[in-house]
Amino acid sequence: MENYALQMKAITKEFPGVRALDNVTFSVRKGEIHALCGENGAGKSTLMKVLSGVYPHGTYDGQILINGQKVELKSIKESQNAGVSIIYQELALVEEMSVAENLFLSHDLMRARIIDWNKIYSEAQKWLDHIGLDIDPQTKVGHLTVGKQQLIEIAKALTQKTEILILDEPTAALTESDVDILIKLLNDLRAEGVTCIYISHKLGEVMTLADTVTIIRDGQTVSTDRIEDLSEEMIITKMVGRELTELFPYEERPISSENILDVKNYTVIDPLGKKIINDVSFTLKKGEILGFSGLMGAGRTELFMSLFGGLRGNPTGTVLIDGKATMIKNPADAIREGLAYVSEDRKRYGLVLGMDITKNTTLAALNKMMKLKVIDNALEVKTAGDITYKMNLKAPNLEALVGQLSGGNQQKVVLSKWLLNDPKVLILDEPTRGIDVGAKYEIYKIINELASQGVGIVIVSSELPEVLGMSDRILVMAEGKITGEFSREEATQEKIMTCATGGEKS
Ligand SMILES: Nc1ncnc2c1ncn2[C@@H]1O[C@H](COP(=O)(O)OP(=O)(O)OP(=O)(O)O)[C@@H](O)[C@H]1O
Ligand SMILES: [Mg+2]
């Protein structure tokens, strides 16, 4: 008999108008890393919320067995007591508190009438050593990188006797070196017998980490296979239900000789006096796709946020849009001048979660939705319908609230919104983070189409294959400066990484 840590049987979960899970079966062996794959909106996060008690027993159909025992998890607390810990992409740590305080937040150690700080710090140190993180337990969590915070979340889960650890897209926002630390930690935990459920759209990671892969599509289980019996291509085919031969549909296009954007000697000093952008100069041609590569913190997001008028600080230098010198003081100016900026943090900058899909999609293009000074609702709905169909958005209908969409589908709404704005320059900051392979392909095709219409496109991305696969030209940044420039033909991962880390001008 197989030794299962978890069995979920015939799980069905409905939301008004959507059957998110339809008779899903999911069995995880003790001590394995089990990847859960599927397109955006397939039901991965919902299944894990059923397991972790976010959707309590009674709000879904089906059965859950942990270590062979039937359980009825009525709350998050009950699920935790049964040994289940879930780590979401949105981190739940208290930034103002120290690492040690966060680790033992709900622990008896912190609840004692007189808190024994020596003990807390020494216990915290033990857990930090255990997960291989070399930081002082007194460090404020807010001072750590997202990746380190993620590791602290895992350590916190481990202090609570976790037997089943769920990671829902843990690496979407991590730097490569933090991903490596995470992968090593998960391998160590496997050796200790912790069972792990791993959700990720990065299939390379799935191939290196997982022992077993379950694929779900449209709320139904497609298959469960051992990793030896799978290839990345097979996972993709099972996920999207068709073969996808090329990942990057790059097309040779004639690129105009006219600059659509010309940035000269651009420097930004932040309110604390720190030079965050240091004398950056570059041009972008009409119809060109320009990739921006670099490590996290290199200043790429700051550069484009600032050009878009959305960063505090004092920029100097000149910016020409379509040959005309411009002064952009805020995002409204930027939109008027023809810039569009799709941000990496969709919740903070991109969407109104309490509004429906139609309204979110047409938000930046309302002037085009006007007829005789009032918004033409029919036109608005048609426009939103057309673009979201193109993007292959999965939602019950256009009146659905954006906050109820799956993560990847929210990102598609952000993109739709800016595409409708007919920009001259489209700046995409981590455009495909959290997006499934099939939808990435659709987004790349739209990017190509816009470029061939003469839109200048900037892709800021931490994923080298994406930058290499889609760009006509690539600039590399490090420490607020441009440290390298490569044509599509010259560029390689190694050359880019050298410029991103060493900061040598090529
Ligand atoms: N609270 C909710 N209310 C209504 N519908 C919901 C809610 N949560 C999820 N859904 C719907 O259930 C389906 C499955 O969503 P889920 O978040 O589980 O997808 P996912 O596989 O995690 O996708 P992604 O890769 O984009 O994160 C989607 O159609 C989504 O819109
Ligand atoms: Mg999800």
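Conventions adopted
Residues numbered from 1 in each chain as written. Chains lettered and ligands numbered in written order. Predicted model: local features only at pLDDT ≥ 70, side-chain atom pairs only at ≥ 80, totals over all residues. Heavy atoms only, no water. Helix = DSSP H or I, 4+ residues; strand = E, 2+ residues; numbered from the N terminus. Contact = heavy atoms within 4.5 Å. Pairing = 2+ DSSP bridges. Axes fitted to C-alpha atoms, helices over the stretch in contact; angles between N-to-C directions. Expected span 1.5 Å × (residues − 1). Buried < 20%, exposed > 50% of the residue type's maximum accessible area, 1.4 Å probe, protein only. Disulfide = S-S within 2.5 Å. Core = buried A, V, L, I, M, F, W, Y, C linked by side-chain atoms within 4.5 Å. Domains from an automatic or database assignment. Phe/Tyr/Trp six-rings, centres within 6.5 Å; stacked < 30°, edge-to-face > 60°. Lys NZ or Arg CZ within 6 Å of the ring centre and 35° of its normal. Salt bridge = Lys/Arg side-chain N within 4 Å of Asp/Glu carboxyl O. Buried area = accessible area lost by both parts, 1.4 Å probe. Polar contact = N/O pair within 3.5 Å; in protein donor to acceptor, adjacent residues only side chain to side chain. Parallel < 35°, antiparallel > 145°, perpendicular 65-115°, else oblique. Left-handed = near helix turned anticlockwise from the far one by under 90°. Nonpolar A, V, L, I, M, F, W, Y, C, P; charged D, E, K, R; others polar. Near = heavy atom within 4 Å. Areas by Shrake-Rupley, 256 points an atom, 1.4 Å probe, with all protein chains shown as cover.

## Details of the side chain of Asp333
1) Next: Looking at the secondary structure, you find Asp333 in helix α11 (residues 331–336).
2) Next: Leave out the neighbours within four places in its chain, and Asp333 touches Met327 and Ile328.

## What about the sheet that holds strand β7 (residues 164–168)?
1) Next: A sheet is described by the order of its strands in space; here six strands give the open sequence β6-β7-β8-β3-β9-β10, paired in mixed fashion. The sheet is open, and its two edges are formed by β6 (84–87) and β10 (220–226), each paired on a single side. On average, each strand axis in the sheet is tilted by 20 degrees relative to the strand beside it, whichever way the strands run.
2) Next: Across four bridges, β6 lies against β7 in parallel orientation. Counted as the bridge partner of Ile86 is Ile166 from β7.

## Concerning helix α16 (residues 437–452)
1) Next: Taking 1.5 Å of rise per residue, the 16 residues of α16 would be expected to cover 22 Å, and the 23 Å separating its terminal C-alpha atoms lies within 8% of that figure.
2) Next: Burial analysis of α16 places 13 of its 16 residues in the buried class, which makes it a mostly covered element.
3) Next: Of the residues one or two after α16, Gly454 is the one with positive phi, at around 100 degrees.

## Some thoughts on the state of the cysteines
1) Next: All chains considered together, the criterion is met by zero disulfides.
2) Next: With no disulfide of its own, Cys196 lies 12 Å from the sulfur of Cys37, the closest cysteine sulfur.
3) Next: Assessed through its relative accessible area of 4%, Cys196 is described here as buried.

## Observations regarding the nonpolar core
1) Next: By size, the foremost hydrophobic cluster in this structure holds 65 residues, and its most contacted members are Leu261, Phe282, Phe292, Leu303, Phe304, Leu426 and Ile457.
2) Next: For this core, the element with the highest residue contribution is α16, accounting for seven residues.
3) Next: The residues that make up this core include at least three from each of domain 2 (256–338 + 424–433 + 456–506) and domain 3 (345–422).
4) Next: Ignoring anything within four residues of it in the chain, the contact list for Phe282 reads Leu261, Asp262, Val263, Leu290, Phe292, Leu303, Phe304, Leu307, Leu475 and Ile482.
5) Next: By size, the runner-up hydrophobic cluster in this structure holds 36 residues, among which are Ile33, Val141, Leu158 and Leu209.

## So, the packing of aromatic side chains
1) Next: Tallied over the entire structure, the rule returns eight aromatic pairs.
2) Next: Considering the side-chain rings of Phe308 and Trp418, the 6.2 Å spacing of their centres and the 90 degrees angle between planes classify their relative orientation as edge-to-face. Of this pair, Phe308 sits in the loop between α10 (300–307) and β14 (314–321) while Trp418 sits in helix α15 (residues 407–419); the two residues are 110 residues apart in sequence, bridging distant segments of the chain. The two residues Phe308 and Trp418 agree in class, both being buried.
3) Next: Through pairs of rings, three or more aromatic residues link up here, namely Phe282, Phe292 and Phe304.
4) Next: Above the face of the Tyr250 ring, Arg488 is positioned so that its terminal group lies 3.4 Å from the ring centre.

## Here's the deal with the pattern of salt bridges
1) Next: In this structure the tally under the stated criterion is 24 salt bridges.
2) Next: Among the salt bridges present, the one from Arg29 reaches Glu32, with a minimum N-O distance of 3.8 Å.
3) Next: A salt bridge links Asp472 to Arg253; the nearest nitrogen and oxygen atoms lie 3.0 Å apart. Residue Asp472 is located in the loop between α17 (464–470) and β21 (473–478), and its partner Arg253 is located in the loop between α9 (232–240) and β11 (259–269); the two are separated by 219 residues in the primary sequence.
4) Next: Residues joined by salt bridges that share partners form a network here, namely Arg29, Glu32, Arg226 and Glu228.

## Some words on the domain arrangement of the protein
1) Next: Splitting the protein by domain gives domain 1 (4–240), domain 2 (256–338 + 424–433 + 456–506) and domain 3 (345–422).
2) Next: Using only C-alpha atoms to locate each centre, domain 1 and domain 2 end up separated by 35 Å.
3) Next: Contacts between the two partners involve six residues from domain 1 and, on the opposite side, four residues from domain 2.
4) Next: Carbon and sulfur atoms make up 61% of the surface buried where domain 1 meets domain 2, a total of about 450 Å² over both sides.
5) Next: At the junction of domain 1 with domain 2, the criterion picks out zero salt bridges.
6) Next: For the pair domain 1 and domain 2, the number of links is zero residue pairs in polar contact (both at pLDDT 80 or more).

## Topic: the packing of helix α6 (residues 146–159) against helix α7 (residues 176–191)
1) Next: Two elements in contact, α6 and α7, have axes separated by 9 Å at closest approach and are oriented at 15 degrees. The angle between α6 and α7 places the two elements in the roughly parallel class. Considering the relative orientation of α6 and α7, their crossing is left-handed. For the pair formed by α6 and α7, the contact residues are Gly147, Lys148, Leu151, Ile154 and Leu158 on the first element and Asp178, Ile181, Leu182, Leu185 and Leu189 on the second.
2) Next: Residue classes in the contact of α6 with α7 are distributed as seven nonpolar, one polar and two charged.

## A short note on the side chain of Asp376
1) Next: Mapped onto the elements, Asp376 comes out in the loop between β18 (374–375) and α14 (377–390).
2) Next: The class for Asp376 is buried, based on a relative accessible area of 14%.
3) Next: At 3.2 Å, the side chain of Asp376 forms a polar contact with the backbone nitrogen of Ala378.
4) Next: Residue contacts for Asp376: discarding those within four places in its chain leaves Met369 and Lys371.

## Points about the site of ligand 1
1) Next: Around ligand 1 lies a shell of 20 residues, among which Gly41, Lys44, Thr46, His201 and Ser406 are the nearest.
2) Next: The separation between an oxygen atom of ligand 1 and a polar main-chain atom of Gly43 is 2.9 Å.
3) Next: Considered on its own, ligand 1 offers 640 Å² of accessible surface; in the complex 90% of this is hidden by protein.
4) Next: For the shell around ligand 1, the secondary structure elements donating two or more residues are β2 (18–29), α1 (44–51) and α15.
5) Next: Counting residues per element, the shell around ligand 1 draws most heavily on α1, which supplies three residues.
6) Next: Broken down by class, the residue content of the shell around ligand 1 amounts to six nonpolar, ten polar and four charged.
7) Next: Summarising the domain contributions, the shell around ligand 1 has at least three residues from each of domain 1 (4–240) and domain 3 (345–422).

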